[in-house]
Amino acid sequence: MPAVSRPLLTAATVSYAANCALGAAVASRRVDTSEVRWIHHAVYVSTVLLTAAAGAQLAVRGDRALWRLLPVALPLAVIPWRSARSRGHVLLALSAAPAYAAALGAAGEG
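Residues numbered from 1 in each chain as written. Predicted model: local features only at pLDDT ≥ 70, side-chain atom pairs only at ≥ 80, totals over all residues. Heavy atoms only, no water.

1. Some points on the confidence of the model for the chain
At step 1: Looking at the chain, pLDDT values average 90 and 93% of them are 70 or higher.
At step 2: Mean pLDDT in the chain bottoms out at helix 5 (residues 87-94), which sits at 91, and peaks at helix 4 (residues 73-78), which reaches 96. (pLDDT = per-residue confidence, 0-100. Helix = DSSP H or I, 4+ residues; strand = E, 2+ residues; numbered from the N terminus.)

2. With respect to unusual backbone geometry
At step 1: Phi angles above zero are rare outside glycine, and Arg 29 is one such case at about 65 degrees.
At step 2: With respect to the secondary-structure elements, Arg 29 resides in the loop between helix 1 (7-27) and helix 2 (38-61).

3. What to know about the packing of aromatic side chains
Remark: the centre distance and the inter-plane angle together describe each pair of aromatic rings, the angle taken between the planes.
At step 1: Counted by the stated rule, this structure contains 1 aromatic pair.
At step 2: Taking the centre distance of 4.6 Å and the plane angle of 25 degrees together, the rings of Tyr 16 and Tyr 100 count as stacked. One end of the pair, Tyr 16, is in helix 1; the other, Tyr 100, is in helix 6 (residues 97-106), and 84 residues separate them in sequence. (Phe/Tyr/Trp six-rings, centres within 6.5 Å; stacked < 30°, edge-to-face > 60°.)

4. Quick notes on helix 6
At step 1: Among the residues of helix 6, Ala 99, Tyr 100, Ala 103 and Ala 106 are the ones counted as buried. Taken around the axis of helix 6, the buried residues stretch over an arc of 140 degrees, which confines them to a single face. Set apart from the buried face of helix 6 by more than 90 degrees, the exposed residues are Pro 98 and Gly 105.
At step 2: Buried-residue contacts for helix 6 involve helix 1, helix 2, helix 3 (65-69) and helix 4. (Buried < 20%, exposed > 50% of the residue type's maximum accessible area, 1.4 Å probe, protein only. Arc of directions from axis to C-beta. Contact = heavy atoms within 4.5 Å.)

5. Focus on the side chain of Thr 33
At step 1: Note on placement: Thr 33 falls in the loop between helix 1 and helix 2.
At step 2: With a relative accessible area of 11%, Thr 33 lands in the buried category.
At step 3: Apart from the residues within four sequence positions on either side, Thr 33 is in contact with Leu 22, Val 26 and Ile 39.

6. A short note on the nonpolar core
At step 1: Formed by 16 residues in total, the largest nonpolar core has its most connected members in Leu 9, Leu 58, Ala 65, Leu 69, Val 72, Ala 96 and Tyr 100.
At step 2: Within the residue set of this core, elements represented by two or more residues are helix 1, helix 2, helix 3 and helix 6.
At step 3: Sorting elements by how many residues they give to this core places helix 6 first, with 4 residues.
At step 4: Setting aside chain neighbours within four positions, we find Ala 96 in contact with Tyr 16, Val 72 and Pro 75. (Core = buried A, V, L, I, M, F, W, Y, C linked by side-chain atoms within 4.5 Å.)

7. Examining helix 5
At step 1: Every buried residue of helix 5 is listed here: Gly 88, His 89, Leu 92 and Ala 93. Seen from one end, helix 5 has its buried residues packed into an arc of 130 degrees, which puts them on one side.
At step 2: Contact partners of the buried residues in helix 5: helix 1, helix 4 and helix 6.

Below is the structure:
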């Protein structure tokens with residue numbers, strides 16, 4: 001699938017990357033979100049919704065990239081239950097990166 005026909009998958013991946021970057025910036029104290037703590041949660045919800053929409057679109061098209069995207073479901077489902085201050089939260093969040101990359105790489109292969 002050409003890049004123009006995979007906007008949901010691209011948007012989901014960008015949302016995921018933005019949320020990881022925001023989380024890293026907050027954890028390293030380069031950004032203070034104490035007054036707007038909800039922003040990280042809002043980007044997480046955006047990531048989940050965009051990923052679900054991208055998965056649905058890939059499924060409807062019969063695109064094999066769906067199988068590459070499916071592994072992100074577990075980290076996205078479990079991460080709200082891990083303390084944001086724990087190393088496990090960070091590792092869980094980062095564990096989705098290879099699946100997003102693989103899905104983008106496989107999109108359109110058939």
